[in-house]
Amino acid sequence: MLAVLSPGQGSQKPGFLAPWLDLPGAEARLRWWSALAGVDLIHLGTRADADEIKDTARTQPLLVAAALLAAEHLPMHDVGLVAGHSVGELGAAALAGVLPAEAAVTLAGVRGREMAAACALEPTGMAAVLGGDPDEVLATLESHGLHPANRNGAGQIVAAGAVDALDKLAAEPPTRTRVIRLQVAGAFHTPYMAPAETALAAVAAGVPAAAPARILLSNLDGAPVGHGPETVRRLVRQVTAPVRWDLCMRTLADLGVTGVIELPPAGTLAGLVKRELKGEGAPEIVTLNTPADLPAARRLIARHAGPAARPTAPSFRVVVSPAAGRLDLSAAPVEGTEVRAGEVLGHVTTGRGPVEVTAHDNGPLVEWLAHHDDPVAPGQPLVRIGGTH
């Protein structure tokens, strides 16, 4: 099976779109998308310097537009799976057929502007924690009041939160780790982005959404999403929820993905996949950065597409934690019980009271992924529900 991946913020490089403007229709397409996003994508992708394209409000629509522009030159009908990292998930949703390309670019513009505005409310930031024991890293972040905003696999967890807390983390890092401050405007994928989530939800509520035409993985829990409106809800929720790219890569392995193409600006996700999915059965990878890479990408598609290009998505759905707190399963259904969509499965006890954990589908409760009284984070997978999609 073949997977196409759409990168997220931080992967951009000055001038990376310039070679693509030589392709027929590319400049006109970018001018149209610029009008929708409210930024000059041609300038940003060709002439802007590193500081200008570091601006969240500009970077997010630029990345989505770049991925969609490149994908137009690939035989996507032979691709079985798509996924994106953070804002890249909007591009992936369009490639899966859930959103029109115009809607993805427009939502990226709204998302970028609103997240930039949320960043200006108080001094926050992010830092990559490399290496160490994951449980110790997570415990250290919690002790500093920080959030695990990205769990990228390959020994990388990104901490996010108040600047003074990040300073303490750098001064007292977990054992056998390196802490690297990231040049970002604020604490993405944390409760600090709540105003942006609210603003994005208001716009996304009017966007038509179709069922995915191919497997689309969610950053929320790494699981395939089979319902258009549910995909949009997850895209909105992702603004404040952690990016679980580690779980997305686990699903790539579980589904037996043999080939991976990363869309421009490519390299970051390909590197994570290469470090995480190695050894026998490791997927063949192509990084698509310029039109000169298109022949290699098309050959990869020809080698890895075929009868299994559009497999049936795995017959399970994962319910994730709606909040941070302790999991209360004192009255929870046991594994094997048939549950109904909307049924309360448990609660997360928070400082503001209990928050319901509800099933979003009918089917057997296959497996609890967390236990009673466990501390849980927003977006953490809690339970697997079976079903057919």
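You'll find the structure just up there.
Residues numbered from 1 in each chain as written. Predicted model: local features only at pLDDT ≥ 70, side-chain atom pairs only at ≥ 80, totals over all residues. Heavy atoms only, no water.

1. Some details on the sheet that holds strand S2 (residues 81-84)
Taken together, 5 strands build an open sheet; the order of strands is S7-S2-S1-S8-S9 and the sheet is parallel. Looking at which strands have only one partner, the edges of the open sheet turn out to be strand S7 (215-216) and strand S9 (284-287). Relative to S2, strand S1 (residues 2-6) is paired through 4 bridges, and the arrangement is parallel. Each residue of the ladder has a partner; that of Leu 5, found in S2, is Ala 83. (Pairing = 2+ DSSP bridges. Helix = DSSP H or I, 4+ residues; strand = E, 2+ residues; numbered from the N terminus.)

2. Some remarks on helix H3 (residues 56-71)
Its 16 residues give H3 an end-to-end C-alpha distance of 23 Å, which sits within 8% of 22 Å, the value for a rise of 1.5 Å per residue. Extensive coverage of H3 is indicated by the burial of 15 of its 16 residues. Its side-chain oxygen placed 3.0 Å from the backbone nitrogen of Ala 57, Asp 55 serves as the N-cap of H3. (Expected span 1.5 Å × (residues − 1). Buried < 20%, exposed > 50% of the residue type's maximum accessible area, 1.4 Å probe, protein only. Polar contact = N/O pair within 3.5 Å; in protein donor to acceptor, adjacent residues only side chain to side chain.)

3. Some thoughts on the packing of helix H8 (residues 194-204) against helix H9 (residues 228-237)
Running from N to C, H8 and H9 cross one another at 155°; their axes reach a closest spacing of 9 Å. Relative to H9, the element H8 is oriented roughly antiparallel. Where H8 crosses over H9, the handedness of that crossing is right-handed. Counted together, Glu 197, Leu 200, Ala 201 and Ala 204 of H8 and Val 232, Leu 235, Val 236 and Arg 237 of H9 form the full contact between these two elements. Residues that form the contact of H8 with H9 fall into these classes: 6 nonpolar, no polar and 2 charged. (Axes fitted to C-alpha atoms, helices over the stretch in contact; angles between N-to-C directions. Parallel < 35°, antiparallel > 145°, perpendicular 65-115°, else oblique. Left-handed = near helix turned anticlockwise from the far one by under 90°. Contact = heavy atoms within 4.5 Å. Nonpolar A, V, L, I, M, F, W, Y, C, P; charged D, E, K, R; others polar.)

4. Points about the environment of Pro 123
With respect to the secondary-structure elements, Pro 123 resides in the loop between helix H5 (101-119) and strand S3 (124-131). A relative accessible area of 64% means that Pro 123 is categorised as exposed. Between the alpha carbons of Pro 123 and Pro 364 there is a distance of 45 Å; along the sequence they are 241 residues apart. Look past the residues within four positions of Pro 123 in its chain and what remains in contact with it is Ala 162 and Val 163.

5. Remarks on the pattern of salt bridges
Applying the stated criterion across every chain yields a total of 11 salt bridges. For the salt bridge of Arg 233 with Glu 230, the shortest nitrogen-to-oxygen distance reads 3.1 Å. Taken together, the residues span about one helical turn, with Arg 233 and Glu 230 both in helix H9 at a distance of 3 residues. The exposure class of Glu 230 is buried, given its relative accessible area of 11%. Notably, a salt bridge pairs Glu 284 with Arg 303, separated by 2.5 Å at the nearest N-O pair. (Salt bridge = Lys/Arg side-chain N within 4 Å of Asp/Glu carboxyl O.)

6. Overview of the nonpolar core
In terms of nonpolar packing, the biggest core is built from 74 residues, with Leu 30, Leu 74, Val 82, Leu 99, Ile 261 and Leu 263 touching the most fellow members. A per-element tally of this core places H3 first, with 10 residues. In this structure Leu 74 touches Ile 261, Leu 263, Leu 288, Leu 294, Ala 297, Arg 298 and Ile 301, once residues within four positions along its chain are discounted. Residues Ala 3, Leu 81, Leu 252 and Val 260 belong to the second largest nonpolar core, which totals 18 residues. (Core = buried A, V, L, I, M, F, W, Y, C linked by side-chain atoms within 4.5 Å.)

7. Observations concerning the environment of Val 273
Relative to the elements of secondary structure, Val 273 occurs in helix H11 (residues 268-276). Those residues in contact with Val 273, other than ones at most four positions away along the chain, are Leu 5, Met 249, Leu 252, Val 260, Pro 283 and Ile 285.

8. Quick look at the pairing of strand S15 (residues 363-368)
One face of the sheet, then the other: side chains in a regular strand alternate in exactly this way. The pairing of strand S12 (residues 338-339) with S15 spans 2 bridges and is antiparallel. Along S15, the bridge assignment pairs Glu 338 with Pro 364. Where S15 and strand S17 (residues 381-386) come together, 3 bridges link them in antiparallel fashion. Pairing of Leu 365 across the sheet is with Ile 385, part of S17.

9. Overview of the packing of H3 against H5
The geometry of H3 relative to H5 is characterised by a closest axis approach of 7 Å and an angle of 160° between their N-to-C directions. The orientation of H3 relative to H5 falls into the category roughly antiparallel. For the pair H3 and H5, the sense of crossing is right-handed. Touching Thr 56, Ala 57, Gln 60, Pro 61, Val 64, Ala 65 and Leu 68 of H3 are Ala 101, Ala 104, Val 105, Ala 108, Gly 109, Arg 111, Gly 112, Arg 113, Met 115 and Ala 116, all from H5. The class makeup of the residues in the contact of H3 with H5 is 11 nonpolar, 4 polar and 2 charged.

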